[in-house]
Structure formats: structure tokens, C-alpha cells
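Spelled out, the chains give:
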Amino acid sequence: MKKSISKSLLVCTLLLSTIATVQVSADDFDSKINEQDQKISSIKEQTATAETQIASLESDISTIYDKGVKLQQEQTQLEADTAQLEKDIDALKVRIEKRTATIKKQARDVQVNGQDTSFVDAILNADSITDAVGRVQAVNTFVKANNDLITAQKEDQKAVEEKKAENEEKLARLADAKAELDVQRDQLAVKQADLKVQKISLAAEQATAESTKSDLLNQKAAAEAEQARIVKAQQEQAAKEAQAAKEAQAVQVAAQTKQAETKAATTASTTEAKQETVASEAPKAETTTSTQAPVETPQVTQPSEEKVETPAVSETPVSKPVVTQPVQEEKPATTAPASGDATLDALNALRASHGLNPVSWDAGLAATASARASLINGNGGSIPNDHWSRGDEVIAILFAPGSAVINAWYNETNMTTSSGSGHRDWEINPSITRVGFGYSGGVIVGHSA
């Protein structure tokens, strides 16, 4: 009975130890999961910041675009003004040429005909003072007209030069403004592209962290289920041990009861035999009674006790409870968990069918692959020249992600490769361990390491 109690205490101790182990294991998983949660939260904050910056850049680009539109309108108006100015200049040139011809003609007449002497003669030959004054006024009017002609000639020439200078200044200022806007737009476009790449990289990191968290949750659930199974098995074993101890105790009590009953029956039988012996010997010699009485108990009772006690113990053996340890189930081989990327899952399924180890998702490779896909998509699907000398890159255009593109690469469907099997060799390369895929439009790029 003491052994049964000790075994029960041992089982209880094992149960408490197992429960404590489960608690420690759960705490360890919770710590790792909390670490991933903090990482995901940090990535989300960085992504939100990047999105805010992208929105700000898009607003700046829109402002620059509006300024460009305004400058374009100004340029259109300036071009119209320039056309009108050219017409005005042409008209001024015509007037200037006519005046020039008139002035030259008058100068030639004066030089050839002596017109200035005629003016004097006309005044001197006047018939009266009134006639002379009139002729003087006529001469003054003629001279003034010539002076006005020369002044207008100079003003028109000056206006032509000023309008040309003003037009050239406007054109130069407009060209400088357009050049400055082009530089600002290019700078903002580069920043926007960098932020988009950063956003893609953060999305890949977040996907990796969430995948890691999902794996930890699955591992935690599996560990808790395994520990629960062990605890249940040990509880069942403890119950069996307790039942066995109870049954053994019952058997032992029954054996002791039976032994006591047998002993009592033997004692009664001995007493009865003794009485019969005394009764039969009493008439023969009454004096011998006192001498024979002390001998009666050892002659009958001791053999009877030995005869009864020995079978009582041997006929009902007490079963000893056995403490057994729970059988540890063999865990299945580790396989790559679902990554959330259909192309990666399809690739691992293909590698598994060839007996190859799965590859894991790499955020850095995914970021470079995404940038590469954006470049190809932006160039109208043109394959970069350095692709043909690389062994870590595969490209597909106008294929759906997942099994479709994986099968197309494996079967070299509508693919171009120098070896004829470069895409298939990339998929079933036993030395790669990490992969990242990038998507842009109808372009899919895979990078491996």
C-alpha cells in the first residue's frame, strides 16, 4: 500500500512538471509572437509615412504640372504675340523703307536741282511782304514736314528694336522657367520612385513578418496540442495507477479478511476437538487432565495456522502497478509553410515533386525583382541585355502568377533561353534556398540566392 501511494505521488509530480513545461513553452512562443507583432506595427508605421510622402510628392508633381500648363499657355500667347510683332515689324520696315526713299529723293533733288536756292529765290521774288510771309510759311511747313518724317523714321526704328528685345527677353525667361520645372519634375519623379521601391520592400518585410507570426502561431498550437496529449495520457495513466492501487488494496483487505476467517474457523475446530478429547478421556483417568492440558494448544493450533496462512498469501497475489512513460510521437518532416505568394507555393510544390527542399521567401530579393519588373514593364516588355548573362533571374511576360507561370518556366513555354532549359534549371536548382518574385503589369520576375 505504501508503494502505491508513492507511485501516485510520483505521477502527480510528473503532471505538475509537464504543466510547468507547457507554461514555459507557451510563454516562449508568446514572446516571439509579440516580437513579430511589434515588427509588423513598426513596418506599418513606416509604410504609412512612405505613403504620406508619396502623396505629398504627387501633390508637388501636380503643382509643377499645373505650372507647366500655365507656362505652355504663356508660350502659346507669346508665340501669337511674336507672330503679330513680326507683322508689325514688317509694316514698320515698309514705312521706314518708304520714308527712306522719300528722304533720299528730296536730298537728291536738293543736290541736283539746287532746291534750297529756289526756296530763297521764291522768297526774294515775292510781290509783297504778305506774299513773302506766305512763302516763308510754306517753306517752314515743308521743312517741318521733312523734320517730322525723319523723327518718325527714328521712332519707328527704335520701336522695332525695342519690340525685338522685349520678345527675345520673354522667350528667354519662358525657356528658363520650363527648364527649371523639368529639373524639379525629374527630381520629384526620382524621389517618388525611391519611395515606391521602399514601400514595396516594406510590404515584403511585412509579409515575411506576418508569415513568421503565422508559423509561430501554428507551432504554438501544435506544441500545446502535443503537451495536452501528453498531459491527458499521463492523467489517464495516473487514473489507471490509482485504480490499480485501489484494486490491490481491496485484494489485500479481502485476503486479510479471508485469513482471519480461516483462522477463526480453525480455532473453533481446534476448540471443538479439544472438547471431544477431554470428554473421551475424563472417565479413564481424571488425574491426568491437568498434565495434558498445556500440551493441547501447540499440538493442534500451530500446524493449522501454518497450513491456512501460506495458501492465503499465495492464492491471491497482489498486482503491482507499473508507471509507464507516455510514448513520444514522431513528428513529421518539416515542410515549407504557405507563404501567401501563389508563385512561391507553386514552385515549392514543383520542387517537392522532384524530392528537393523547399525555398523560403526573401524580402530583399522580392524588392529587387519588383524593381526589375517595373523597369521591364516601363520599357514595353523589352528584356534588359544583362539578363542573358545572369543565372539568378527568370522573366515571364503575359503569364498569370502561381502554377501557370511555374509550369510555363518548367516546360519552357514560349520562352527564350541560351541553353534551352535555363528556366527549368533555375526552378529545380538544388543549391538555392531563398527566392523573391516581383510583379508589374503583365511582367513577372524571379530572383534566387
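Model, not experiment: these values are computed from the prediction.

What follows covers the side chain of Ser370. Mapped onto the elements of the fold, Ser370 is located in helix α6 (residues 363-378). Contact partners of Ser370, with chain neighbours within four places excluded, come to Ile200, Phe437, Gly438 and Tyr439.

Generally speaking, soluble globular proteins have nonpolar side chains that are buried together. The biggest cluster of nonpolar side chains holds 17 residues, and the ones touching the most others in it are Leu347, Ile406, Trp409, Val435 and Phe437. Elements with a contribution of two residues or more to this core: α5 (342-353), β2 (393-397), α7 (403-411) and β3 (434-440). Setting aside its immediate chain neighbours within four residues, Phe437 contacts Asp341, Thr343, Leu344, Leu347, Trp361, Ala366, Ala369, Ser370, Trp409, Trp426, Val445 and Gly446.

Attention now moves to the confidence of the model for the protein chain. Here the protein chain shows a mean pLDDT of 78. Residues at 70 or above account for 73%. For the stretch residues 282-337, pLDDT sits under 50, and the model shows 47 contacts to residues farther than four places along the chain or on other chains.

This part is about the packing of aromatic side chains. One pass over the full model with this rule turns up three aromatic pairs. Relative to Phe437, the ring of Trp409 lies with its centre 6.3 Å away and its plane at 15°, an arrangement referred to as stacked. Here Trp409, found in helix α7, pairs with Phe437, found in strand β3; they are 28 residues apart in sequence, far enough to count as distant. Given the relative accessible area of 0%, Trp409 is considered buried. Among the aromatic residues, ring-to-ring pairing joins Trp409, Trp426 and Phe437 into one connected group.

The next subject is the sheet that holds β2. If you trace the four strands from one edge of the open sheet to the other, you get β1-β3-β4-β2, paired in mixed fashion. The sheet is open, and its two borders are formed by β1 (360-361) and β2, each paired with just one other strand. Pairing of β1 with β3, which is carried by two bridges, proceeds in the parallel orientation. When the bridges of β3 are listed, Trp361 appears paired with Val435. The strands that α5 touches are β1 and β3; relative to β3, the one it contacts most, it runs at about 140°. Against the sheet, α6 makes contact with β1, β2, β3 and β4 (443-448), and its axis sits at roughly 30° relative to β3, the strand it touches most.

An α-helical turn contains 3.6 residues, so any two residues separated by three or four positions project in the same direction. Taking 1.5 Å of rise per residue, the 12 residues of α5 would be expected to cover 16 Å, and the 17 Å separating its terminal C-alpha atoms lies within 8% of that figure. Buried within α5 we find Thr343, Leu344, Ala346, Leu347, Asn348, Leu350 and Arg351. On its buried face, α5 is in contact with β1, α7, α8 (422-427) and β3. Sitting at the head of α5, Asp341 places a side-chain oxygen 3.1 Å from the backbone nitrogen of Thr343. Once α5 finishes, Gly355 follows within two positions and takes phi at roughly 75°, a positive value.

Another point: the packing of α5 against α7. One way to put it is that α5 packs onto α7 with a least axis distance of 8 Å and a crossing angle of 45°. Considered as vectors, α5 and α7 are oriented oblique to each other. Between α5 and α7 lies a crossing of right-handed hand. Residues Thr343, Ala346, Leu347 and Leu350 of α5 pack against Ser403, Val405, Ile406 and Tyr410 of α7. The class makeup of the residues in the contact of α5 with α7 is six nonpolar, two polar and no charged.

Our next topic: the side chain of Ser440. Relative to the elements of secondary structure, Ser440 occurs in strand β3. At a separation of 3.3 Å, a polar atom in the side chain of Ser440 contacts the side chain of Asn377. The residues touching Ser440, leaving out its near neighbours within four places in the chain, are Ala373, Ser374 and Asn377.

Rules of the game
- Residues numbered from 1 in each chain as written.
- Predicted model: local features only at pLDDT ≥ 70, side-chain atom pairs only at ≥ 80, totals over all residues.
- Heavy atoms only, no water.
- Helix = DSSP H or I, 4+ residues; strand = E, 2+ residues; numbered from the N terminus.
- Contact = heavy atoms within 4.5 Å.
- Core = buried A, V, L, I, M, F, W, Y, C linked by side-chain atoms within 4.5 Å.
- Buried < 20%, exposed > 50% of the residue type's maximum accessible area, 1.4 Å probe, protein only.
- pLDDT = per-residue confidence, 0-100.
- Phe/Tyr/Trp six-rings, centres within 6.5 Å; stacked < 30°, edge-to-face > 60°.
- Pairing = 2+ DSSP bridges.
- Axes fitted to C-alpha atoms, helices over the stretch in contact; angles between N-to-C directions.
- Expected span 1.5 Å × (residues − 1).
- Polar contact = N/O pair within 3.5 Å; in protein donor to acceptor, adjacent residues only side chain to side chain.
- Parallel < 35°, antiparallel > 145°, perpendicular 65-115°, else oblique.
- Left-handed = near helix turned anticlockwise from the far one by under 90°.
- Nonpolar A, V, L, I, M, F, W, Y, C, P; charged D, E, K, R; others polar.

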